[in-house]
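Notes for the structure review
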Amino acid sequence: AQSVTQLDSHVSVSEGTPVLLRCNYSSSYSPSLFWYVQHPNKGLQLLLKYTSAATLVKGINGFEAEFKKSETSFHLTKPSAHMSDAAEYFCVVSTISGGYQKVTFGTGTKLQVIP
Amino acid sequence: GAGVSQTPSNKVTEKGKYVELRCDPISGHTALYWYRQSLGQGPEFLIYFQGTGAADDSGLPNDRFFAVRPEGSVSTLKIQRTERGDSAVYLCASSKGQGAWETQYFGPGTRLLVL
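In short, a report on the structure. (Residues numbered from 1 in each chain as written. Chains lettered and ligands numbered in written order. Predicted model: local features only at pLDDT ≥ 70, side-chain atom pairs only at ≥ 80, totals over all residues. Heavy atoms only, no water.)

The subject of this paragraph is the pairing of strand β6 (residues 44-50) of chain A. Every regular strand shows the same layout, with side chains that alternate between the two sheet faces. Residues and elements named next belong to chain A. Relative to β6, strand β5 (residues 32-38) is paired through six bridges, and the arrangement is antiparallel. Paired with Y36 across the two strands is L46, which belongs to β6. Taken together, β5 and the strand that follows it, β6, pair antiparallel across an intervening segment of five residues, in which N41 is found at a positive phi of about 60°. (Pairing = 2+ DSSP bridges. Helix = DSSP H or I, 4+ residues; strand = E, 2+ residues; numbered from the N terminus.)

All names here are of chain B. Strand order in this open sheet of four strands is β1-β3-β8-β7, and the pairing throughout is antiparallel. One side of each edge strand has no neighbouring strand; the edge strands of this open sheet are β1 (5-7) and β7 (65-68). Taking the axes of each pair of neighbouring strands and ignoring which way they run, one obtains an average angle of 15° across the sheet. As paired strands, β1 and strand β3 (residues 19-24) are joined by three bridges and run antiparallel to one another. Bridging across to β3, S5 finds its partner in D24. (Axes fitted to C-alpha atoms, helices over the stretch in contact; angles between N-to-C directions.)

With that settled, the discussion passes to the interface of chain A and chain B. Facing the 22 residues of chain A at the interface are 25 residues of chain B. Taken together, both faces of the contact between chain A and chain B bury some 1,700 Å²; the carbon and sulfur share is 52%. The tally of links from chain A across to chain B stands at ten residue pairs in polar contact (both at pLDDT 80 or more). Looking at the side of chain A that touches chain B, the elements with two or more residues in it are β5, β6, β10 (87-97) and β11 (100-105) of chain A. Broken down by element, the residue count for the side of chain A that touches chain B peaks at five residues, all from β11(A). Here the residues of the side of chain A that touches chain B sort into nine nonpolar, eleven polar and two charged. (Contact = heavy atoms within 4.5 Å. Buried area = accessible area lost by both parts, 1.4 Å probe. Polar contact = N/O pair within 3.5 Å; in protein donor to acceptor, adjacent residues only side chain to side chain. Nonpolar A, V, L, I, M, F, W, Y, C, P; charged D, E, K, R; others polar.)

Following the sequence through the fold, D56(B) ends up in strand β6 (residues 53-56). There is no salt bridge for the buried D56(B), and the closest opposite charge comes from K102(A), which lies 4.4 Å off by N-O distance. Sequence-distant contacts of D56(B), that is, excluding residues within four places in its chain, are made with K102(A), F45(B), L46(B), I47(B) and Y48(B). (Buried < 20%, exposed > 50% of the residue type's maximum accessible area, 1.4 Å probe, protein only. Lys, Arg positive; Asp, Glu negative; His and termini not counted. Salt bridge = Lys/Arg side-chain N within 4 Å of Asp/Glu carboxyl O.)

All names here are of chain A. For the coordinates displayed, the defined rule picks out 14 aromatic pairs over all chains. Summarising the aromatic geometry, the rings of Y25 and F67 are spaced 5.9 Å apart at their centres and angled 25° between planes, so their arrangement reads as stacked. Note that Y25 is positioned in strand β4 (residues 23-27) and F67 in strand β8 (residues 64-68), a separation of 42 residues in sequence. Judged by relative accessible area, F67 falls into the buried class, the value being 9%. The interplanar angle of 15° and the centroid separation of 4.1 Å between the aromatic rings of Y50 and F67 together place this pair among those described as stacked. Linking Y50 in strand β6 with F67 in strand β8, this pair joins segments that are 17 residues apart in sequence. Residue Y50 shares its accessibility class with F67, and that shared class is buried. (Phe/Tyr/Trp six-rings, centres within 6.5 Å; stacked < 30°, edge-to-face > 60°.)

Let us look at the side chain of D86(B). Residue position: D86(B) is located in the loop between β8 (75-79) and β9 (88-95). When residues no more than four places from it in sequence are discounted, the contact partners of D86(B) are R36(B), R64(B), F65(B), I79(B), L112(B) and V114(B).

Next up on the list: the environment of S52(A). Following the sequence through the fold, S52(A) ends up in the loop between β6 and β7 (56-58). For the pair S52(A) and S32(A), spaced 20 residues apart in the sequence, the C-alpha separation amounts to 7.0 Å.

Moving on: the pattern of salt bridges. Residues and elements named next belong to chain B. Enumeration over the complete set of coordinates arrives at seven salt bridges over all chains. Its salt-bridge partner being R22, residue D24 comes within 2.8 Å of it at the nearest N-O pair. By relative accessible area, which is 22% here, D24 ends up partly exposed. Among the charged side chains, a network of salt bridges with common partners joins R64, E83 and D86.

Below, the structure written as structure tokens:
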């Protein structure tokens, strides 16, 4: 069994300040972890992924995330928020179960950026 | 190159009617997924194809939902006797293979409204 918990449904930050979106996961197997972003009326786009290589993963648009196995966390950060970062962000856990990929999405965190 | 495409982009139907939603994956991608995203929620897994066969259909909510991928490329999600609760955005994604690390590429979705 696997699950993903995104601890905040909404996060509001001022433009130019740091962003932290939290994600905790549960998995019986070694997971891969992803962050996707969904802008209004747009498709889901991959931000970054962890696949058991480096625990600190850098993605697009200045985002990064750190895999912490002891804390079962994969929090997303960005040093300085931009207005264009306003969107919904989904944390995703992926494992191989029964020989096939099994993917579970979190419920999402809506990021608001205040000018 | 071309991404994942879905048709129609919007579908309005009446309760009890039959609908078909189409997904064209990225050429060469063997894995194809269907998700359902209700308002304010994360994508919910429905079914996963590896090639022509449904490797995992555990997410289909009931027997009114069915999906096919006869030639291992295009897939159709079929919903019989639609109900108002079926209203949601239906997302399709494809990936190159079936490893846990595989990135899924999402289409823009089909917004289904059942009146």
